[in-house]
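One-letter residues, chain by chain:
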Amino acid sequence: MNVLEINHLKKEFDGLTVLQDISLSVKKGEVVSVIGPSGSGKSTLLRCATMLEQMDGGELVYMGEKAAWEEKDACVYAPKEKLKQVRRQFGLVFQNFNLFPHYTVLKNIMDAPVSVDRVPKEEARQQALALLGQLGLEDKADAYPYQLSGGQQQRVSIARALALKPEILFFDEPTSALDPELTGEVLKVIRQLAKEHMTMIIVTHEMKFARELSDRIIFMEDGVIRQQGTPEELFMAPDDRVKEFIGKFAG
Amino acid sequence: MSTTTMLRLLGTGMLKTVSIFFLTLLFSLPLGLLFSFGRMSKNGLVKGISKLYISVMRGTPLMLQLIVVYFAPYYILGIKIPSWYRSGAVILAFVLNYAAYFAEIYRSGIESIPIGQYEAARVLGYGKAQTFVKIILPQVIKRILPPVTNEMITLVKDTSLAFVLTEVEMFTIAKQIAAKEASILPLMVAGVFYYFFNLAVAAVMEWVENRLNYYR
């Protein structure tokens, strides 16, 4: 079954079309990277998929359940209760982490399971500690976000998303806010998740990383998917525009 | 009048002043939050009414508001003013006035919280109320403590305006004794009292601020 299915997604901002006719489906365990120049609509795509932005047209389906669809030229969303269920299917890792500054690392990770999913506190705590262990942050459980480096903060925010056991994890340029020497530790975590067959969609500028990790790469430009395929297909025989873009990043 | 009698009279005034201060905070802090919601409402009517309210409360003298609140039942509704209403009117007027200032302080605090905090909470599945109470409000409180402290210090001094309704608080009594005894001493005592009261307010608020300094 497809974990995520997006059909004919359309998004406008003040009459300006930023996404047009985007269709994309992701199978369980698949890792998809989305690349493309800034302003191409990559982040908007992610924000529509995670329902932080309302779509203006098209269909959004998680695990076979429709979250949004088109009716009489308008986009309708499922009722609130249903959307709550849909939200449990995905997690999102932000470019700027967006950790809760007044909570410790541990509380950042365990609070949503406890307050949203009603997981017993002790169970959530154990699970949060296990996640911190996996991400090499066991000694940071009681620290506050401001006491951590950017790379550590981003790893905590990945743990926070994983704590809710999502079917699919979205990454919105997870290393763009980090100093170059800190990107490695975050990419390592994502790589580990890929090995464990976590379903992921990653918007990124890290070409080498996307190529090495992805089952499929999507190249977006001007609000449309211009090219997509396996890393080999995209990197080996790219069309001129893709080649030009990738060339810029390869330096 | 002996000094002891004078101090005893001033003492009762002090208690009254302290109670005006705490009762005003007790009611105006939550009411201000309500008005700040109104001020930020997407409903144009609610927003407009809240804006007008805040504008009138901040734009007219508190002394005038005290008088209006006290005499309005008589002049507008023709009700004979009962004696207990004096203290009630003082609290009511202070609460209505301070809620307007607090509303704007809350608003500045709420609007300063990065949108990413709301988005993170939403993606994690927190409801609207949960997001506000658990994620936003604690951060807002930390940010607005300095301006709230300012308002509290102003409030301590503003309580003296209750003298226009001859409420028997510190300043009213001090003024009466000063006039009767032709002495400036009671007013000096009152001044010292206000100063130390505010010193305590500032110290307590500094302590609270430090308590909240565990995160940035």
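As shown above, the structure is provided for reference.
Residues numbered from 1 in each chain as written. Chains lettered and ligands numbered in written order. Predicted model: local features only at pLDDT ≥ 70, side-chain atom pairs only at ≥ 80, totals over all residues. Heavy atoms only, no water.

### Side note on the overall build of chain B
Looking only at helices and strands, chain B has 8 helices and 0 strands in total. Of the regular secondary structure in chain B, the N- to C-terminal order runs α-α-α-α-α-α-α-α. In terms of its C-alpha atoms, chain B occupies a principal-axis envelope of roughly 70 × 45 × 25 Å. For chain B, with 216 residues in total, the buried portion stands at 44%. (Helix = DSSP H or I, 4+ residues; strand = E, 2+ residues; numbered from the N terminus. Buried < 20%, exposed > 50% of the residue type's maximum accessible area, 1.4 Å probe, protein only.)

### Details of the overall build of chain A
The helix and strand inventory of chain A stands at 9 helices and 11 strands. In terms of overall dimensions, chain A has a C-alpha envelope of 50 × 45 × 35 Å along the principal axes. Per-residue burial for chain A yields a buried fraction of 57% across its 251 residues. Contacts in chain A between residues far apart in sequence, at least 24 positions, make up 64% of those at least 6 positions apart. By element, 47% of the accessible surface of chain A is carried by carbon and sulfur atoms, the whole surface being about 11,400 Å². (Contact = heavy atoms within 4.5 Å. Areas by Shrake-Rupley, 256 points an atom, 1.4 Å probe, with all protein chains shown as cover.)

### Examining the packing of helix H6 (residues 128-158) of chain B against helix H8 (residues 185-211) of chain B
All names here are of chain B. Taken N-terminus to C-terminus, the directions of H6 and H8 make an angle of 165°; their axes are 10 Å apart at the nearest point. In terms of orientation, H6 and H8 fall into the roughly antiparallel class. Crossing angle aside, the handedness with which H6 passes H8 is right-handed. Mapping the contact onto sequence places Leu145, Pro146, Val148, Thr149, Met152, Ile153, Val156 and Lys157 in H6 and Tyr194, Phe197, Asn198, Val201, Ala202, Met205, Val208 and Glu209 in H8. A per-class count over the contact of H6 with H8 returns 12 nonpolar, 2 polar and 2 charged. (Axes fitted to C-alpha atoms, helices over the stretch in contact; angles between N-to-C directions. Parallel < 35°, antiparallel > 145°, perpendicular 65-115°, else oblique. Left-handed = near helix turned anticlockwise from the far one by under 90°. Nonpolar A, V, L, I, M, F, W, Y, C, P; charged D, E, K, R; others polar.)

### So, the sheet that holds strand E3 (residues 31-35) of chain A
All names here are of chain A. Taking strand neighbours across the sheet as the criterion, the 6 strands line up as E7-E8-E9-E3-E10-E11 in an open arrangement whose pairing is mixed. With partners counted over all chains shown, the strands left at the sheet margins are strand E7 (90-93) and strand E11 (224-229), one partner each. Averaged over neighbouring strand pairs, the angle between their axes works out to 20° when direction is ignored. Where E7 lies against strand E8 (residues 168-172), 4 bridges are found, and the strand directions are parallel. Note on E8: the bridge partner recorded for Phe90 is Ile168. (Pairing = 2+ DSSP bridges.)

### Some details on the interface of chain A and chain B
On the side of chain B, 18 residues touch chain A, which itself brings 23 residues to the contact. Together chain A and chain B conceal approximately 2,100 Å² of surface at their shared face, both sides included; 59% is due to carbon and sulfur atoms. With its nearest N and O atoms 2.6 Å apart, the salt bridge here joins A:Arg47 to B:Glu119. Between chain A and chain B we count 11 residue pairs in polar contact (both at pLDDT 80 or more) in total. For the side of chain A that touches chain B, the secondary-structure elements that each account for two or more residues are E7 and helix H3 (105-115) of chain A. (Buried area = accessible area lost by both parts, 1.4 Å probe. Salt bridge = Lys/Arg side-chain N within 4 Å of Asp/Glu carboxyl O. Polar contact = N/O pair within 3.5 Å; in protein donor to acceptor, adjacent residues only side chain to side chain.)

### Things to note about the nonpolar core
In this structure, A:Leu4, A:Leu60, A:Tyr62, A:Ile168, A:Phe170, A:Ile201 and B:Phe94 are the most contacted members of the largest nonpolar core, which totals 92 residues. Examining the composition of this core, we find that 12 residues originate from one element, helix H4 (residues 85-111) of chain B, more than from any other. If near-sequence neighbours (up to four positions away) are discounted, A:Tyr62 is found in contact with A:Val3, A:Leu4, A:Ala49, A:Thr50, A:Val86, A:Gln89, A:Phe90, A:Ile168 and A:Phe170. (Core = buried A, V, L, I, M, F, W, Y, C linked by side-chain atoms within 4.5 Å.)

### Here's the deal with the packing of aromatic side chains
Residues and elements named next belong to chain B. Across all of its chains, the model carries 22 aromatic pairs over all chains by this definition. Ring geometry for Phe37 and Phe132: centres 5.2 Å apart, planes at 70°, overall edge-to-face. Placement of the pair is Phe37 in helix H1 (residues 3-39) and Phe132 in helix H6, with a sequence separation of 95 residues. A relative accessible area of 36% means that Phe37 is categorised as partly exposed. Using a relative accessible area of 16% as the deciding quantity, one classes Phe132 as buried. Here the aromatic residues Tyr70, Phe71, Tyr74, Tyr75, Trp84 and Tyr85 are joined through ring pairs into a cluster of three or more. (Phe/Tyr/Trp six-rings, centres within 6.5 Å; stacked < 30°, edge-to-face > 60°.)

### Side note on the pairing of strand E9 (residues 199-203) of chain A
Residue and element names in this part refer to chain A. Most of E9 sits inside the fold, with 5 of its 5 residues counted as buried. Side chains of E9 alternate between two faces, with Thr199, Ile201 and Val203 and Met200 and Ile202 buried alike. Alignment of E8 against E9, held across 5 bridges, turns out to be parallel. When the bridges of E9 are listed, Ile168 appears paired with Thr199. With respect to chirality, the unit in which E8 leads through helix H6 (residues 180-195) into the neighbouring parallel E9 is right-handed. (Right-handed = clockwise from strand over helix to strand, strands pointing away.)

### Quick notes on a positive patch on the surface
Positive charge collects at one region of the surface, where A:Lys80, A:Lys84, A:Arg118, B:Lys42, B:Arg122 and B:Lys128 lie side by side. When its relative accessible area of 47% is taken as the criterion, A:Lys84 is described as partly exposed. (Patch = residues over 30% accessible without salt bridge, like charges linked within 9 Å, V, L, I, M, F, W, Y side chains within 5 Å. Lys, Arg positive; Asp, Glu negative; His and termini not counted. Charge placed at Lys NZ, Arg CZ, Asp CG, Glu CD.)

### Observations concerning the pairing of E11(A)
Residues and elements named next belong to chain A. Sheet analysis places strand E10 (residues 216-221) next to E11, joined by 5 bridges and oriented antiparallel. Directly across from Ile218, in E11, lies its bridge partner Gln228. Connecting E10 to the next strand, E11, in antiparallel fashion are 2 residues, including Asp222 with a positive phi near 50°.

Geometric descriptors of this kind do not, in isolation, establish any biological role.
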